[in-house]
There are 2 protein chains.
Amino acid sequence: MKYPNNINKVYQKMATYSNRGMDLEEEINLTNEYYVEKNRALIYKKPTPIGLADVSYNDKGRIINRAYFKEPSTLDYNGLYKGKYIEFEAKVTQNRTSFPLANIHEHQITHLKRVLEHQGIVFLIIKINDLVYLLKGNDFVEFLNHNNRKSIPYDFIKETGYLIKYGFNPPLDYLNIVDEIYKEDFYDKENC
Amino acid sequence: MKYPNNINKVYQKMATYSNRGMDLEEEINLTNEYYVEKNRALIYKKPTPIGLADVSYNDKGRIINRAYFKEPSTLDYNGLYKGKYIEFEAKVTQNRTSFPLANIHEHQITHLKRVLEHQGIVFLIIKINDLVYLLKGNDFVEFLNHNNRKSIPYDFIKETGYLIKYGFNPPLDYLNIVDEIYKEDFYDKENC
């Protein structure tokens, strides 16, 4: 359970270390916590699916003695923003000239295409050369449809993606980009 | 990854056992698999959040040697249906006259209220006396606001909830109820 003072503690941590000290996942988790705290959006990381191989019981409850990581079929983050379904995957690459597609599993690509079909908002957040870009799901699919490559060139990401600037509260305000680039999706019953 | 023949296998399993042989979670998982397979909706059970206490590496990859169950702060199922965010919790009770509220954690109730505020579709699926009811999130919150009880009486569930009839393909077609009772929420840009 998240308490307000928990949020303050992590912001203090942020003031001590530069944003480069945290990894992308921490930056996004902090941003999502900020969004929940400020009542802007409800976006959470999906727990890693884990298969339980050996569970036992003691006086304190259940212990997991052996388990294994399962490959997820959905993307890592999903939730709700202004009445719309949002889903995204966040990945870092140390590669300076392109983003290897091996980072995204085949069934995650299938799932991403389905989210587009079902009218959800879906995108990738890619950190490359210490810069963070949002690449829209449909632009990603367009790229895959027109290329037989094993990676997305950095130039394409710069051209077609949207730079998410680092900030303080929150570290990576990706919803500001979402507001701009998905403007038409956020129509209202009242505006009908 | 789900293949069509996987779906056929589980449907064969269903033909062998009566619906009462499966538990509610299996019935809902099968229903959700059916919805994905038929391209009707993308609704998944969130993996149980697990805290990793001891992870090691062998030639096959990572092994989890010790882990523990964490309490989830969101509900168990969420996803996307006709462009809208859907979330729900599914619970069974053996109690014949009421549904104990201890089944739903305090922070899950907080989360449910937030989903309502953020314009998502959220509800409970409650199995009681071998019958399955959908209780709308706002009706659940209304009940909590007007009662200081530790349980929801069966009469209230019957009166205010919606019966989900058992079927075959899929076992518990809850989206048919959702279509009826959330009709106004599924307006379209085209119908604007």
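Here is what the cut-offs are and how they apply
Residues numbered from 1 in each chain as written. Chains lettered and ligands numbered in written order. Predicted model: local features only at pLDDT ≥ 70, side-chain atom pairs only at ≥ 80, totals over all residues. Heavy atoms only, no water. Helix = DSSP H or I, 4+ residues; strand = E, 2+ residues; numbered from the N terminus. Expected span 1.5 Å × (residues − 1). Buried < 20%, exposed > 50% of the residue type's maximum accessible area, 1.4 Å probe, protein only. Contact = heavy atoms within 4.5 Å. Salt bridge = Lys/Arg side-chain N within 4 Å of Asp/Glu carboxyl O.

## Things to note about helix H3 (residues 106-117) of chain B
Here's step 1: With twelve residues, H3 of chain B ought to run about 16 Å at 1.5 Å a step, and its terminal C-alpha atoms sit 17 Å apart, in line with that.
Here's step 2: Looking only at H3 of chain B, the buried set comprises His 107, Gln 108, Ile 109, His 111, Leu 112 and Val 115 of chain B.
Here's step 3: In this fold, the buried residues of H3 of chain B make contact with strand S1 (42-45) and strand S4 (77-81) of chain A together with strand S5 (84-93), strand S7 (121-128) and helix H4 (137-146) of chain B.
Here's step 4: At the C-terminal side of H3 of chain B, Gln 119 of chain B shows a positive phi close to 65°.

## Considerations on the pattern of salt bridges
Here's step 1: Under the definition given, this model contains 14 salt bridges over all chains.
Here's step 2: With its nearest N and O atoms 2.7 Å apart, the salt bridge here joins Lys 91 of chain A to Glu 89 of chain A.
Here's step 3: For Glu 27 of chain B, the salt bridge is made with Lys 127 of chain B, and the minimal N-O distance between the two is 3.7 Å. Here Lys 127 of chain B lies in strand S7 and Glu 27 of chain B lies in helix H2 (residues 24-37), a separation of 100 residues in the sequence.
Here's step 4: Accessibility expressed as a relative area gives 8% for Lys 127 of chain B, which makes it buried.
Here's step 5: Several salt bridges share partner residues, and in doing so they unite Arg 40, Lys 82, Asp 173 and Asp 179 of chain A into one network.

Everything listed here is a matter of coordinates, which is why it stays silent on function.
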